[in-house]
Amino acid sequence: MIDLEWVKDYIDISDQDLKELAVKITKAGINIEKVITNHIDNLVIGEVLKCDMHPDSDHLHVCLVDTGEKVLQIVCGAPNVKEGLKVIVALPGAILPGNFEIKKSKIRGVESNGMLCALFELGLEEKNDETYNKGIYEVDSSAKVGIDAMRYLGLDDTLYELDVHKHRNNDCYYHIGFAYEIGAILNRKVTLPYDKTNPIKDDIKKHFSLKVDTDKCPYYLAKMVTNVKVGESPEFIKRRLTAYGMRSINNVVDISNYVMLEYGQPLHFFDKDTLGDNILVRNAINGEEIITLDGQKRVLNSDDIVITDGVKPVCIAGVMGGENTEVTDKTQNILIESAIFDGVSIRNTSNRLDLKSEASIRYGKGLNFEYTEKAIERACHLLEKYAGATVLSGTLKHDKIDKTPKIVKFKSSEINTLLGITISDDDVKVELDRLGFPFEYADGEFKATIPFRRLDIDPYVNDIAEEVGRLYGYHNLVSTLPSVPIKKGDYAPDVKYRKIISKRLRTLGLNEVKTYTLVSPKMASKFKYEDKKQVVLPKPMSIDKSVIRTSLISSLLKVYEYNRDHKVESVNIYEIAKTYDASYTEESKVCMLMSGNYLSNEWLGVNVKVDFYLIKGIVQNILDYLGFKNRYSFEKVEVADLHPGICAGVMLDKKMIGVIGKVHPLITKDDVYVAELSLEALMNKVKAIKFKAALKFPLVVKDIAFVIDKDVTSDKLVDVIKKAGGKLLMDVKLFDVYTGEKISKDKKSLAYSLTFASYDRTLNEDEVMTVFNKIINEVTHKLGAELRDK
Amino acid sequence: MDLENILSDLKNDLENVKTMHDVSEVKAKYLGKKGAITSLYSKMKDLKDDEKKSFGALINNLKSEATNLLDDKKENIESQILNEKLQNESIDISLPATEIKIGAPSILEKMIEDVSTLLMSMGYDVIDGPEVEKDEYNFEMLNLPKGHPARDAQDTFYVLGDELLLRSQTSPVQVRSMLAGEGKVPIRMICPGKTYRRDDDDATHSHQFMQIEGLLVDKNISLSDLKGTFDVIAKHLFGEECQTRFRPSYYPFTEPSVEMDISCHHCKGKGCAICKNTGWITVSGGGMVHPKVLENCGYDPKKWSGFAFGFGAERLAMIKYGIDDLRVFYTNDLRESRVFERKEVN
């Protein structure tokens, strides 16, 4: 929050429309979220010409008030209203805080044409017994009747609510820093506030010793004032703090806050008499305790920085002071601390203790050491002026701060290249002046020094380009395209594979879904078909997002359940995503889940239900498309959470690359089928396509059925048939599977039609029969099968 | 004259013919062994030789005429039968088709593909990178040293100590690309993918989301080049009438940094609830690659310059399709996603 009335102390903006100024500032990169103004229309200075008691009341007065244009009769209940008093008059039409509109009215039968106001009624003071009893605001007698009251009182205020990007968080959130920003935009100079004091001869060094015993405090200044009179703050300080949203406590505490809002430098005031005569800044000791200003006991650790009196902590540096050295109404002598602490350390401490304050936030963002010094001088000045303090000479100082100036050497051509603009050396000079960056210029080269208040700027020409660019206005940039060689962009190989498979699955009617990588331990523990350990996050946000999944099946099942519960029929979905195991090895997986009908037309009675063989068909479709024909097979495996009898491993080149199966009835009662394949395994080399002419000689088809043990797979049988069939066996097609009464219980009958042919001749019956008999022979001998219907 | 009668009799008979069987009967009556025409041949023997020839010719003519008549009739009846059959086979073409389902892409993937396709045509490669990433690549090389305040905003899921994390942005892929380029080759790439931050999931936050980031490193690249590139992307996604603007911004890995706005396509810039009455919607951030980042990744900032930009895939989709809840993308309600199964006019 920035108070523009306050900013006026440092830069002349009296000619500015503050709403328009806000737009200019926002365009230059300092985002003003909101312009808040407390101006109230129809509020003028008036003079009470006549004041009589209300005929029908013991406390109301009937006044005649000169408002400049008119003399109005106004009824007023304040005890302090009297003839000759200059007052604030709310004329009819004025809207006071709380959306309270002033209208002509009758009060106990007497006409009243407005209201004489107290400050709390205008939202300028807190409403409490004290302010209420004070009555209406008594305007200085020199005030001119009829003028705008808020403007006259200097209460007419505009506030900017900022939403500034992180890097400008430090210098834009105090009034002097913001004044420099306005200065850059309007090309005006900033004047720093008065900070001279009249120190007495007595030197602080006689009373105090300072030691800093940590590298987390590079800069520490201390000054001492005596004979402080704690009391009320001057009006302007109270008003400005109130507008900022801080409560006025007393002149001493208020000054510390006031200076912080001027220079961005938090100060800490110790009661010198309870502090003693030593300051030692050091890292806290593990388990060390301090009672902070809020009365809470805080336990510290060695990452915290503490201010001590040489022995015990008196302040958690940058975070909160200790109760033991607090400034009270009785305080007379004060030690003022103005210091820089390690920002990261302060952030960590305030986060850990859940103690965030205006001060700790500012320490956390970093400070300008020049202002550390300015702020302590300014505080002394204000204490001298407004708290009757006597300032001692000398400053205790610990100074290990890096004061190397940041210098950038550049040519304006570099800026032009970076921004794509053309500005001259003279233009750049103007811009640097506006920014308040001192520079030297010789032979077309600039040497600019970055002021310490701009902590965000690094000594690179890019940083200068940004400053120049934002003042030049990014809206003034032209659009060009990079002058780079024309080339074709492409998907990286793994992306291409993912795209190909994804597109194929969609063509096959599956919908792509997107689910979370982080799952619950319960989800992670399901469908573990691989010997993989899982990553459990050391600090998860919640238990349901605490494990990095190694399989997508659980996630897809969740999507299935959601859709089923919302009455979506036939959920057929897939996802391709990366998985990670406990060795952080990445494996991309493609997972499919199918259920319900794959193809249907009810009135026609067409109904292809999803079953194992259908999802197997989908998997084969992918594998065939990728060119793996004859290189893959399905092998019966058992996988937890899949149906033990309806489940297979997908083998490519004899290596298991995934699973396929029906979800175990204990997981879901619905018929749900899933398959998951490793995408990495699918990114496998395939042979180039070769043309193959169709058979030109007749085919001989022979059917055969075997009765065989139930646990022998068809694949195994076909393997034997193919080996025995040799070159002449062109195709083996299963056309019937039978189990039942006609054969024994542990057997099944598999019937195949075998196609024989040759590429170079017509086969004769004898040739075919020789092979056919060989097949029967091999199958019966090797697999213990019998020919059916012999 | 006998002959003429036969032909008119035949014609009369055929008038009454209805079925193929009738045709056979008529055929037998005239052309059968004892048929009226066949039996004429037996009269030949009673004729003189010179008459035989002309009579024979007459009979032959008669026979072929009769055959033609019969064949015509036969064809006629066949076509009648076929027509009847076809008539019977006629269907109600309005009955429902057997639906050949087509799957819909994830909205986010669709959005990403849309941008990828455009950028590939401009020479950008589309690259994937790991989601479990080194802190070094996710932060440090990108000018976000440990303790940098901007790290707070990207509150991160750490996986192992403070070394491995779930990437909070896709920018580490850019780092990897530059490292692979060894400071020698120009770079033009995008790296769409998943990212993770510690946010509670609600309508506007998601602990998992997708970014589409791009990087171009070459010689003499300027911020104006980024503006032109952004213009092309914005117009591709939101139409030719889409206006763009740059605003100053801050990212640790770019300098200067900009936020990129498009004119609100909903109100055409007049101001509405979607653009919060500003007429503009922020869709992207970017800027000139920070010289420290170039240096870290082995590219000499004196020789090379480049720009980087990033979009949120969710945000793009929300704006483009009028989706107002982030959770839509991860709930996967098929009733919603199926809308995206079709091609879109571009």
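What you see is a predicted model; the values in this text were computed from it and never measured.

A. Region of the structure containing the overall build of chain A. For chain A, the helix and strand inventory stands at 22 helices and 44 strands. For 790 residues, the compact-globule estimate of 2.2 N^0.38 gives 28 Å, and chain A exceeds it by more than 25% at 43 Å. Dimensions of chain A along its principal axes, counting C-alpha atoms only, are 135 × 70 × 60 Å. By residue count, 39% of the 790 residues in chain A fall in the buried class. Of the contacts formed within chain A by residues at least 6 apart in sequence, a portion of 67% connects residues at least 24 apart.

B. Broad picture of the overall build of chain B. Helix and strand counts for chain B stand at 12 helices and 11 strands. Along the first, second and third principal axes, the C-alpha atoms of chain B reach 130 × 45 × 45 Å. With 346 residues in all, chain B has 42% of them scored as buried. A sequence separation of at least 24 residues applies to 65% of the contacts in chain B between residues at least 6 apart.

C. View of the packing of helix 13 (residues 412–419) of chain A against helix 15 (residues 461–472) of chain A. All names here are of chain A. Look at helix 13 against helix 15: their axes get within 9 Å of each other, and the N-to-C directions meet at 70 degrees. In terms of orientation, helix 13 lies roughly perpendicular with respect to helix 15. The segment helix 13 lies against helix 15, with E414, I415, L418 and L419 engaging V461, N462, I464, A465, V468 and G469. Each residue belonging to the contact of helix 13 with helix 15 can be placed in one class, and the counts come to seven nonpolar, two polar and one charged.

D. How the structure looks around the pairing of strand 3 (residues 43–53) of chain A. Residues and elements named next belong to chain A. Inspection of the sheet shows strand 3 paired to strand 6 (residues 86–90) by five bridges, in the antiparallel sense. Counterpart to G46 in the pairing with strand 6 is V87. Pairing between strand 3 and strand 4 (residues 61–66): six bridges, direction antiparallel. Across the sheet, D52 pairs through a bridge with V62, a residue of strand 4.

E. Representation of the domain arrangement of chain A within the structure. When the domains of chain A are assigned, the result is domain 1 (2–38 + 158–186), domain 2 (43–153), domain 3 (200–399), domain 4 (406–473), domain 5 (493–682) and domain 6 (700–787). Centre-to-centre separation of domain 4 of chain A and domain 5 of chain A, based on C-alpha positions: 57 Å.

F. Layout of the confidence of the model for chain B. This prediction gives chain B a mean pLDDT of 91; 99% of its residues lie at or above 70. Predicted complex, confidence summary: ipTM 0.89, pTM 0.83.

G. Local environment of the interface of chain B and chain A. Listed per partner, the contact involves 71 residues of chain B and 69 residues of chain A. No other element matches the seven residues that helix 8 (residues 223–238) of chain B contributes to the side of chain B that touches chain A.

H. Seen up close, helix 3 (residues 49–89) of chain B. The end-to-end C-alpha separation of helix 3 of chain B is 60 Å, in line with the 60 Å expected for 41 residues at 1.5 Å each. Summarising burial for helix 3 of chain B: two of the 41 residues are buried, a small minority.

I. Representation of the nonpolar core within the structure. By size, the foremost hydrophobic cluster in this structure holds 178 residues, and its most contacted members are V225, A317, I336, A379 and L383 of chain A. Discounting chain neighbours no more than four positions away, the residues touching I336 of chain A are A222, K223, V225, L267, F269, I376, A379 and C380 of chain A. With 48 residues, the next largest nonpolar core counts I501, A648 and I660 of chain A together with L334 of chain B among its residues.

J. Looking closely at the pairing of strand 27 (residues 439–442) of chain A. All names here are of chain A. Direction of pairing for strand 27 relative to strand 28 (residues 445–450): antiparallel, over a ladder of four bridges. Of the residues in strand 28, the one forming a bridge with Y441 is F446. Between strand 27 and strand 28, which pair antiparallel and follow one another directly, the connecting turn spans two residues, one of which, D443, has a positive phi of 50 degrees.

K. Main features of the domain arrangement of chain B. Domains assigned within chain B are domain 1 (2–89) and domain 2 (107–341). With centres defined by C-alpha atoms, the gap from domain 1 of chain B to domain 2 of chain B works out at 90 Å.

L. Structural context of the sheet that holds strand 29 (residues 511–512) of chain A. Residues and elements named next belong to chain A. Pairing in this open sheet of seven strands is mixed, and the strands run 29-33-34-40-39-38-37 from one edge to the other. Edge strands, defined here as strands with exactly one partner in the open sheet, are strand 29 and strand 37 (632–636). Of the pairings in the sheet, the one linking strand 37 to strand 38 (residues 642–652) comprises five bridges and is antiparallel in character. In the sheet register, S633 faces strand 38, and the bridge partner there is M651. Relative to the sheet, helix 18 (residues 553–565) contacts strand 33 (573–580), strand 34 (586–595), strand 39 (655–663) and strand 40 (672–678), its axis offset from that of strand 34 by approximately 30 degrees.

M. How the structure looks around helix 5 (residues 175–186) of chain A. All names here are of chain A. Between its first and last C-alpha atoms helix 5 spans 16 Å; for 12 residues at 1.5 Å apiece the expected length is 16 Å, and the two agree. A large share of helix 5 lies buried, amounting to nine of its 12 residues. Listed as buried for helix 5 are H175, I176, G177, F178, A179, Y180, E181, I182 and A184. Buried residues belonging to helix 5 abut strand 1 (2–3), helix 1 (4–7), helix 2 (18–27), helix 8 (251–263), helix 14 (425–435) and helix 15.

N. Representation of the sheet that holds strand 12 (residues 158–162) of chain A. All names here are of chain A. The antiparallel open sheet is built from three strands, whose spatial order is 1-12-2. Across the chains shown, the open sheet's two edge strands, defined by having one partner strand only, are strand 1 and strand 2 (32–37). Of the strand pairs in this sheet, strand 1 and strand 12 are connected by two bridges, and their pairing is antiparallel. Each residue of the ladder has a partner; that of D3, found in strand 12, is L159. Contacting strand 2 and strand 12, helix 2 crosses the sheet at an angle of about 170 degrees to strand 2.

O. A look at the packing of helix 4 (residues 107–121) of chain B against helix 10 (residues 313–321) of chain B. Residue and element names in this part refer to chain B. Packing of helix 4 against helix 10 brings their axes to within 9 Å, and their N-to-C directions diverge by 95 degrees. Looking at the two axes, helix 4 sits roughly perpendicular to helix 10. Of helix 10, the residues touching helix 4 (which contributes I107, L108, M111 and I112) are A313, E314, L316 and A317. Taken together, the residues that form the contact of helix 4 with helix 10 break down as seven nonpolar, no polar and one charged.

P. The arrangement of the environment of F309 of chain B in detail. Within the secondary structure, F309 of chain B sits in strand 11 (residues 305–312). Taking the C-alpha atoms as reference points, F309 of chain B and E259 of chain B, separated by 50 residues in sequence, lie 9.3 Å from one another.

Q. Looking closely at unusual backbone geometry. In this structure, P256 of chain B follows E255 of chain B across a cis peptide bond, with omega equal to -5 degrees. Inspection of the secondary structure puts P256 of chain B in strand 9 (residues 254–263). Positive phi, normally seen in glycine, also occurs at D641 of chain A, with a value near 75 degrees. Counting through the fold element by element, D641 of chain A comes out in the loop between strand 37 and strand 38. Backbone geometry at N332 of chain B places phi at a positive 60 degrees, although glycine is not the residue there. Inspection of the secondary structure assignment puts N332 of chain B in the loop between helix 11 (328–331) and helix 12 (334–337).

R. Region of the structure containing the environment of V674 of chain A. Residue and element names in this part refer to chain A. Its place among the elements puts V674 in strand 40. Residue class for V674 comes out buried when judged on the 27 C-beta atoms lying within 10 Å of it. Residues V674 and I316 lie 358 residues apart in sequence; the distance between their C-alpha atoms is 59 Å.

S. View of the environment of S357 of chain A. With respect to the element layout, S357 of chain A can be found in the loop between helix 10 (343–353) and helix 11 (358–365). Distance in space between the C-alpha atoms of S357 of chain A and V319 of chain A is 7.1 Å, their sequence separation being 38 residues.

Cut-offs used in this document
Residues numbered from 1 in each chain as written. Chains lettered and ligands numbered in written order. Predicted model: local features only at pLDDT ≥ 70, side-chain atom pairs only at ≥ 80, totals over all residues. Helix = DSSP H or I, 4+ residues; strand = E, 2+ residues; numbered from the N terminus. Rg over C-alpha atoms; globule rule 2.2 N^0.38 Å. Buried ≥ 20, exposed ≤ 12 C-beta atoms within 10 Å, placed from the backbone. Contact = placed C-beta atoms within 7 Å. Axes fitted to C-alpha atoms, helices over the stretch in contact; angles between N-to-C directions. Parallel < 35°, antiparallel > 145°, perpendicular 65-115°, else oblique. Nonpolar A, V, L, I, M, F, W, Y, C, P; charged D, E, K, R; others polar. Pairing = 2+ DSSP bridges. Domains from an automatic or database assignment. pLDDT = per-residue confidence, 0-100. Expected span 1.5 Å × (residues − 1). Core = buried A, V, L, I, M, F, W, Y, C linked by C-beta atoms within 7 Å.

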